[in-house]
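# Overview (structure and organization)
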Amino acid sequence: MLLNAAERSTRRRSERTERSERSPSGSAWSRFSHWRRQRPFLGGLLIALGGIELFFSGQLDIGKIHVQLGIEGLQATIIPIVLVLLGVLIVLMPAHRIFYGVIALVVAVYSLVGVNLGGFFVGMLLSTVGGVLAVAWMPRAADSAAITNVPTASSAANPSVEAAGEGSAS
């Protein structure tokens, strides 16, 4: 009975994977879901949300007290804009995810000093987790060739393609 349940869940998972790898010709949600799986979407989203939270925490007015740290508030404006931009760039250009993710991590940690304790720790934590997710994200084997233009393991294992190319060059 336990084996049957495991087989069913494995079969369902493989059917889901096959459905997701097919061309998305269904609803708008299925097309978005297919697009989202091809990039570090969650990492970019968390970085952008952290930047938005940092922006609003830097623009606080509590009664007659205006809370703003940094060089006349410039850092409280620039750091959140940079984080939102990095989050968008990570989602739109997944090939550069490691570079943008490392920059987002550095800026998020610096926001602890530059923007109201990193947006009272919430914005800094969101951006830091998003940066880690963006750096750690790896495309699927089928998607990696399209993103980074690197041959996949299956094309490297097939020497007949390379041998045919070498023979025609002579």
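Quick caveat, the model's predicted, so the values are computed rather than measured. (Residues numbered from 1 in each chain as written. Predicted model: local features only at pLDDT ≥ 70, side-chain atom pairs only at ≥ 80, totals over all residues. Heavy atoms only, no water.)

For the chain, the count of helices and strands is 10 helices and two strands. The order of helices and strands in the chain, counted from the N terminus, is α-α-α-β-β-α-α-α-α-α-α-α. A burial count over the chain gives 28% of its 170 residues as buried. Sequence-distant contacts, at least 24 apart, represent 70% of the contacts inside the chain between residues at least 6 apart. (Helix = DSSP H or I, 4+ residues; strand = E, 2+ residues; numbered from the N terminus. Buried < 20%, exposed > 50% of the residue type's maximum accessible area, 1.4 Å probe, protein only. Contact = heavy atoms within 4.5 Å.)

This part covers the side chain of S111. Relative to the helices and strands, S111 is located in helix 5 (residues 97-114). If we skip the residues at most four places from it in the chain, S111 touches L54, I79, L117, G118 and M124.

Moving on: the nonpolar core. Residues I47, L54, A76, I79, L83, L86, I90, Y100, A104, V107, V115 and A134 constitute the largest nonpolar core, which totals 12 residues. At the level of elements, helix 3 (41-58), helix 4 (74-92) and helix 5 are the ones that each hand at least two residues to this core. Broken down by element, the residue count for this core peaks at five residues, all from helix 4. If sequence neighbours within four positions are ignored, L86 has contacts with Y100, I103 and A104. (Core = buried A, V, L, I, M, F, W, Y, C linked by side-chain atoms within 4.5 Å.)

Averaged over all residues, the pLDDT of the chain is 79; the fraction at 70 or higher stands at 63%. When mean pLDDT is taken per element in the chain, helix 7 (residues 122-136) scores highest with 96 and helix 10 (residues 159-169) scores lowest with 52. (pLDDT = per-residue confidence, 0-100.)

Attention now moves to the packing of helix 3 against helix 4. For any two helices packed against each other, one specifies the inter-axial angle together with the distance between the axes. Running from N to C, helix 3 and helix 4 point in directions that differ by 165°, and their axes come no closer than 8 Å. One element, helix 3, and the other, helix 4, form an angle in the roughly antiparallel class. Viewed along their axes, helix 3 and helix 4 form a crossing whose handedness is left-handed. Here helix 3 contributes F41, G44, L45, I47, A48, G51, I52, L54, F55 and G58 to the contact with helix 4, which in turn contributes A76, T77, I79, P80, L83, V84, G87, I90 and V91. (Axes fitted to C-alpha atoms, helices over the stretch in contact; angles between N-to-C directions. Parallel < 35°, antiparallel > 145°, perpendicular 65-115°, else oblique. Left-handed = near helix turned anticlockwise from the far one by under 90°.)

This next bit is on the packing of aromatic side chains. Overall, the coordinates contain six aromatic pairs when judged by the stated rule. When the centroid spacing of 5.6 Å and the interplanar angle of 45° are considered together, the rings of W29 and F32 count as tilted. Taken together, the positions of W29 and F32, both in helix 2 (residues 28-37) and three residues apart, correspond to about one turn of that helix. By relative accessible area, which is 30% here, F32 ends up partly exposed. Measuring from centroid to centroid gives 5.5 Å for F55 and F56, while their planes differ by 75°, and the two rings are edge-to-face. Accessibility expressed as a relative area gives 29% for F55, which makes it partly exposed. Through pairs of rings, three or more aromatic residues link up here, namely W29, F32, W35 and F41. (Phe/Tyr/Trp six-rings, centres within 6.5 Å; stacked < 30°, edge-to-face > 60°.)

Turning next to the environment of Q75. Inspection of the secondary structure puts Q75 in helix 4. Using a relative accessible area of 18% as the deciding quantity, one classes Q75 as buried. C-alpha separation for the pair Q75 and G114, spaced 39 residues apart in sequence, amounts to 5.9 Å.

Taken together, the side chains of L42, L45, L49, I52, F56, V129 and L133 make up a nonpolar region of the molecular surface, amounting to roughly 600 Å² of accessible area. Those elements that provide at least two residues to the nonpolar patch are helix 3 and helix 7. With five residues, the top contributor of residues to the nonpolar patch is helix 3. Tracing the chain through its elements places L133 in helix 7. (Patch = residues over 30% accessible without salt bridge, like charges linked within 9 Å, V, L, I, M, F, W, Y side chains within 5 Å. Areas by Shrake-Rupley, 256 points an atom, 1.4 Å probe, with all protein chains shown as cover. Salt bridge = Lys/Arg side-chain N within 4 Å of Asp/Glu carboxyl O.)

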